[in-house]
Amino acid sequence: MKLPKPRGLVGWMAGLGAVLLLAQALYFLSVLGSLGKTPAGDFDLVLTYSDVPTMDPALDLALSRDKPLYVSQAPWEGNPFPRRSAADLARVVLDPTGATTDQNARQAAAYIRKGGYQRVLLDVGWFHVPRALFLTRLYLAGSGVKVAACSKSPLPPGWWAQPLLHTEILKFWGSLGRVGLAFFGWETGPPPPRWYRYREN
């Protein structure tokens, strides 16, 4: 098979890039356009990543459904629930070693597989839903685990023009790059996950 000529190669790559960008745009529109009420049905676990100033809505959601909450956050972020009772915190499983969304999703997927959970509800900030949901489903591919998503922060009017969303569109491709690096054993950030039931230090 002959390789494309340089000019043809540039055109081919530009066309491929356009297709990928279109696919990404359609995916983001589909996910964010369907955000609204919390998905119906029973879930085994509520899952959240650190992305908004408070993670209390995710804990409230888990408590309302009488389910455990898995929290993945970076080690420098400290206590995510400083004003909650000991009874509330008993439902929390904290992994403080996820410095990136890729690490959040990969380590959460390992926990979900180990725990035998089958239906998971991902509760993150509205702008973070497309990327976090994509990566979580990617790392759970082939496991049979169903992952649905909701937003712990409201979808704002004119969300398509929000800088937070534009940043996420760019970060999406960086996350895919991290997936590739992790596949070949090149990891950045904190050490592997150490899950434990939340306790105050």
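Structure: see above.
Each value, and the rule that gives it
Residues numbered from 1 in each chain as written. Predicted model: local features only at pLDDT ≥ 70, side-chain atom pairs only at ≥ 80, totals over all residues. Heavy atoms only, no water. Axes fitted to C-alpha atoms, helices over the stretch in contact; angles between N-to-C directions. Helix = DSSP H or I, 4+ residues; strand = E, 2+ residues; numbered from the N terminus. Parallel < 35°, antiparallel > 145°, perpendicular 65-115°, else oblique. Left-handed = near helix turned anticlockwise from the far one by under 90°. Contact = heavy atoms within 4.5 Å. Nonpolar A, V, L, I, M, F, W, Y, C, P; charged D, E, K, R; others polar. Buried < 20%, exposed > 50% of the residue type's maximum accessible area, 1.4 Å probe, protein only. Arc of directions from axis to C-beta.

Participant: So what exactly am I meant to see when it comes to the packing of helix α4 (residues 101-115) against helix α5 (residues 129-139) here?
Facilitator: What describes two packed helices is the angle between their axes and the distance between those same axes. Between α4 and α5, whose axes approach to 8 Å, the crossing angle comes to 45°. Our classification of the angle between α4 and α5 gives oblique. Handedness of the crossing formed by α4 with α5: right-handed. In this structure, α4 uses T101, D102, A105, R106, A109 and R113 to contact α5, whose residues at the interface are R131, A132, L135, T136 and Y139. Looking at the contact of α4 with α5, its residues break down into 5 nonpolar, 2 polar and 4 charged.

Participant: Is there a simple way to think about helix α2 (residues 56-64) in this case?
Facilitator: Since one α-helical turn is 3.6 residues long, residues separated by three or four positions face the same way. Those residues of α2 lying buried are A58, L59, L61 and A62. In a view along the axis of α2, the buried residues occupy a sector of 160°, so they form one face of it. Of the surrounding secondary structure, the elements contacted by the buried residues of α2 are β1 (45-49), β2 (69-72), α3 (86-89), β3 (92-95), β4 (119-124) and β5 (146-151). In the stretch just after α2, D66 is the one whose phi turns positive, near 60°.

Participant: Help me out: how do you make sense of the side chain of S175 in this one?
Facilitator: By the secondary structure assignment, S175 is in helix α6 (residues 163-183). Judged by its relative accessible area of 4%, S175 falls in the buried class. Beyond its immediate chain neighbours, meaning those up to four positions away, S175 contacts D102, R131 and L135.

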